[in-house]
Amino acid sequence: MIDGKDSDSVAYAMEQLIQQFGAESFKKVFKSITSDNGSEFSTLKDTLGGYTEVFFTHPYTSCERGTNENHKRMISREIPKGESLEIYGRKDIQKIEDGMNELSRRILGYQSPRQWFEQEYQIALSWFDSEPPVVWLHVWEVWHMLAHYQINNVVLNNTQYSL
């Protein structure tokens, strides 16, 4: 979880992700990132410059973030819209997150996001000439971070995926 929904918190979280993956590994795994136009993403291009391409959706076009809208729908089954998140503990949120990461998706060839990411991450790591740095994040941490920041598209192996 991040400290807040502001540009400094998002920038810090992205910098932590780059550090955990390692700069070269990050570049190979995240070929591009697409975000919405929220003020919390105002420094995203500067933060990720030199690491990956950053794209922004058009204002007020939730159809460009279809997966994000689906994720919101899944979460609202567990946490009704308008209900305060303060009554939910970290374990409650983790349970919802794990459920979403284990749900197979047609767009991922009926693999779960966790299975798909593990597979693609291993392919990306195989691009290293030598032993890759020890930067493994749990798949659900990465997926959660991508979903949390409404990063909807990732390009791996020259193929774009909507998360």
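As shown above, the structure is provided for reference.
1. Overview of the packing of aromatic side chains
Taken as a whole, this structure holds 5 aromatic pairs when the rule is applied. For the ring pair Phe26 and Phe30, a centre distance of 4.7 Å and an interplane angle of 35° mean the geometry is tilted. An aromatic cluster of three or more residues is present, and its members are Phe21, Phe26, Phe30 and Tyr51.

2. Some thoughts on the nonpolar core
Nonpolar side chains in soluble globular proteins generally cluster together in the buried interior. One finds Phe21, Phe26, Val29, Phe30, Leu44 and Leu48 to be the most contacted residues of the largest nonpolar core, which totals 19 residues. Taken together, the elements giving at least two residues each to this core come down to helix H1 (7-21), helix H2 (23-29), helix H3 (44-48) and helix H6 (113-125). In this structure, Met74, Ile79, Ile93 and Ile96 belong to the second largest nonpolar core, which totals 5 residues.

3. Things to note about H6
For H6, built from 13 residues, the straight-helix expectation of 18 Å at 1.5 Å per residue is met to within 8% by its first-to-last C-alpha distance of 18 Å. Along H6, the residues that are buried comprise Pro113, Arg114, Trp116, Phe117, Glu120, Tyr121, Ala124 and Leu125. Buried residues of H6, viewed axially, fall in a sector of 160°; they line one side.

4. Quick look at unusual backbone geometry
Residues other than glycine seldom take positive phi values, yet Tyr110 does so here, at roughly 65°. Relative to the elements of secondary structure, Tyr110 occurs in the loop between helix H5 (90-102) and H6.

5. Brief notes about the pattern of salt bridges
In the structure shown here, the tally under the stated rule is 3 salt bridges. Note that Arg114 is salt-bridged to Asp98, the shortest N-O span being 3.4 Å. Of this pair, Arg114 sits in helix H6 while Asp98 is found in helix H5, placing the two residues 16 residues apart along the sequence. Classification of Asp98 as partly exposed rests on a relative accessible area of 27%. Of the charged contacts in the structure, one is a salt bridge between Arg114 and Glu102, with a shortest N-O distance of 2.0 Å. Here Arg114 is found in helix H6, whereas its partner Glu102 is found in helix H5, with 12 residues between them in sequence. For Arg114, a relative accessible area of 12% gives the class buried. A single salt-bridge network, built from bridges that share partners, covers Asp98, Glu102 and Arg114.

6. Digging into the pairing of strand E1 (residues 32-35)
Note on strand geometry: in a regular strand, side chains alternate between the two faces of the sheet. Every second residue of E1 is oriented toward a common face, with Ser32 and Thr34 on one face and Ile33 and Ser35 on the other, all of them buried. Sheet topology places E1 next to strand E2 (residues 53-56); 4 bridges connect them, and they run parallel. Of the residues in E2, the one forming a bridge with Ser32 is Glu53.

7. Observations regarding H1
Owing to its 3.6 residues per turn, the α-helix aligns residues three or four sequence positions apart on the same side. In this model, H1 (15 residues) spans 21 Å end to end at C-alpha, consistent with the 21 Å of a helix rising 1.5 Å per residue. One or two steps after H1, the chain reaches Gly22, where phi turns positive at roughly 90°.

8. Brief notes about the side chain of Arg105
With respect to the helices, strands and loops of the structure, Arg105 is situated in the loop between H5 and H6. Within the buried set, Arg105 has no salt-bridge partner at all; the shortest N-O distance to an opposite charge, 10.0 Å, is to Glu102. Polar side-chain contacts of Arg105 include one of 2.8 Å to the backbone oxygen of Met100.

9. Describing the environment of Asn37
By the element assignment, Asn37 lies in the loop between E1 and H3. Taking C-alpha positions, Asn37 is 6.7 Å from Thr57, a pair spaced 20 residues apart along the chain. Not counting residues within four places of it along the chain, the set of residues in contact with Asn37 comprises Phe56, Thr57, His58 and Pro59. At 2.3 Å, the side chain of Asn37 forms a polar contact with the backbone oxygen of Thr57.

Thresholds, definitions, all that
Residues numbered from 1 in each chain as written. Predicted model: local features only at pLDDT ≥ 70, side-chain atom pairs only at ≥ 80, totals over all residues. Heavy atoms only, no water. Phe/Tyr/Trp six-rings, centres within 6.5 Å; stacked < 30°, edge-to-face > 60°. Core = buried A, V, L, I, M, F, W, Y, C linked by side-chain atoms within 4.5 Å. Buried < 20%, exposed > 50% of the residue type's maximum accessible area, 1.4 Å probe, protein only. Helix = DSSP H or I, 4+ residues; strand = E, 2+ residues; numbered from the N terminus. Expected span 1.5 Å × (residues − 1). Arc of directions from axis to C-beta. Salt bridge = Lys/Arg side-chain N within 4 Å of Asp/Glu carboxyl O. Pairing = 2+ DSSP bridges. Lys, Arg positive; Asp, Glu negative; His and termini not counted. Polar contact = N/O pair within 3.5 Å; in protein donor to acceptor, adjacent residues only side chain to side chain. Contact = heavy atoms within 4.5 Å.

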